[in-house]
Amino acid sequence: MALDDYLQGRDDRALRERKMRAEGRLPPGQSLTLKWPVLHEGEVPAFDPATWDFRVGGLVAEPLVLSWAEFEALPRTQVTSDFHCVTRWSTFDNRWEGVPVRAVLGRVRPQREATHVMVCGHKGEARYGYTTNLPLADLDRADVLLVTRHDGARLDPEHGGPLRLVVPHLYAWKGPKWLRGIEYLDTARRGFWEERGYHNVGDPWREERYSYQE
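Residues numbered from 1 in each chain as written. Predicted model: local features only at pLDDT ≥ 70, side-chain atom pairs only at ≥ 80, totals over all residues. Heavy atoms only, no water.

A. Broad picture of the side chain of Thr131. In this structure, Thr131 sits in strand E7 (residues 126–135). Look past the residues within four positions of Thr131 in its chain and what remains in contact with it is Met118, Val119, Cys120, Gly191, Phe192, Trp193 and Glu194. (Helix = DSSP H or I, 4+ residues; strand = E, 2+ residues; numbered from the N terminus. Contact = heavy atoms within 4.5 Å.)

B. Region of interest: the pairing of strand E11 (residues 179–185). Of all seven residues in E11, six are buried; the element is thus mostly enclosed. Pairing of strand E2 (residues 53–58) with E11 involves four bridges; the strand directions are parallel. Residue pairing for E11: Val56 is matched across the bridge by Ile182. Pairing between strand E6 (residues 116–123) and E11: six bridges, direction antiparallel. Bridging across to E11, Gly121 finds its partner in Leu179. (Buried < 20%, exposed > 50% of the residue type's maximum accessible area, 1.4 Å probe, protein only. Pairing = 2+ DSSP bridges.)

C. Representation of the pattern of salt bridges in the model. Inspection of the entire model under this criterion finds 19 salt bridges. We note a salt bridge from Asp82 to Arg25, for which the minimum N-O separation is 2.8 Å. Taken as a pair, Asp82 in strand E4 (residues 77–84) and Arg25 in the loop between helix H2 (12–22) and strand E1 (31–32) lie far apart in primary sequence, 57 residues in all. Ionic pairing is found between Arg141 and Asp143, a salt bridge with its closest N-O pair at 3.7 Å. Accessibility expressed as a relative area gives 32% for Arg141, which makes it partly exposed. Residue class for Asp143 comes out partly exposed when judged on its relative accessible area of 24%. Connected through shared salt-bridge partners, Lys19, Glu23, Arg25, Asp82 and Asp93 make up one network. (Salt bridge = Lys/Arg side-chain N within 4 Å of Asp/Glu carboxyl O.)

D. Spatial organisation of the environment of Glu17. Residue position: Glu17 is located in helix H2. Glu17 gets classed as buried once you look at its relative accessible area, which sits at 11%. Here the alpha-carbon distance between Glu17 and Ser90, two residues 73 residues apart in the chain, equals 9.5 Å. When sequence neighbours within four positions are dropped, the list of residues in contact with Glu17 reads Leu26, Ser31 and Leu32. Among the polar contacts made by the side chain of Glu17, one reaches the side chain of Arg13 at a distance of 2.6 Å. (Polar contact = N/O pair within 3.5 Å; in protein donor to acceptor, adjacent residues only side chain to side chain.)

E. Structural view of the sheet that holds strand E3 (residues 64–67). In space, the five strands of this open sheet follow the order E3-E2-E11-E6-E7, with mixed pairing throughout. Among the strands making up the open sheet, the edge pair consists of E3 and E7. Averaged over neighbouring strand pairs, the angle between their axes works out to 15 degrees when direction is ignored. Where E2 and E3 come together, four bridges link them in antiparallel fashion. Bridging across to E3, Val56 finds its partner in Leu64. (Axes fitted to C-alpha atoms, helices over the stretch in contact; angles between N-to-C directions.)

F. Molecular detail of the side chain of His122. Mapped onto the secondary structure, His122 falls in strand E6. Taking the relative accessible area as the measure of exposure, His122 reaches 8% and is therefore buried. In terms of polar contacts, His122 uses its side chain to reach the backbone carbonyl oxygen of Gly124, at 3.1 Å.

G. Examining the packing of aromatic side chains more closely. If you walk through the whole model with that rule in mind, you get 17 aromatic pairs. Ring centres 5.0 Å apart and planes at 85 degrees place the aromatic pair Phe192 and Trp193 in the edge-to-face group. Given a relative accessible area of 24%, Trp193 falls into the partly exposed group. Ring-pair connections join several aromatic residues into one group, and the members of that group are Tyr130, Tyr171, Trp173, Phe192, Trp193, Tyr198 and Tyr210. Sitting over the face of the ring of Phe192, Arg196 holds its NZ or CZ atom 3.7 Å from the ring centroid. (Phe/Tyr/Trp six-rings, centres within 6.5 Å; stacked < 30°, edge-to-face > 60°. Lys NZ or Arg CZ within 6 Å of the ring centre and 35° of its normal.)

Structure (structure tokens):
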């Protein structure tokens, strides 16, 4: 790339960013990145498929515990969606593969009073050290996936492998890496970053980054 092209905003990143903005796909305050930055709290946890499990409980009729082999046997789908980080970068047309959240909802049968969930993942080796809250309506969508693959390859550990949640219409912190469980609740309860000043909802199109905006 010529220096003049870069200085004049004619490099590939700048051109693609203008295209995404013109198409209405770049939320306010965001910039396009051609990379997939690695950001998380704590060290990458170890994964042992022989001992790993995924649990769903709380206000459900049928609590669920799945081994890795059982989880891998669940129905799969693919979704292409954009990915917006609260730290102001976005990536586009990510190809995700995994288990639709609705496949889990159908098995556990949330109770009528369930309105929210707490989604739990690792913070380092602490199994439920990272949490984030979601209204049930934000979880129960066709494009929300329990993801194991990205752009045709296994999700690497630095990006949340073996399993992370992807909620495309909210900021990425609402989709925990190293996912281990979901708890159904009858009220909103703040998670890890929400307790530290992040917004309770996290809609990128409304720039809901911090709790003082609520």
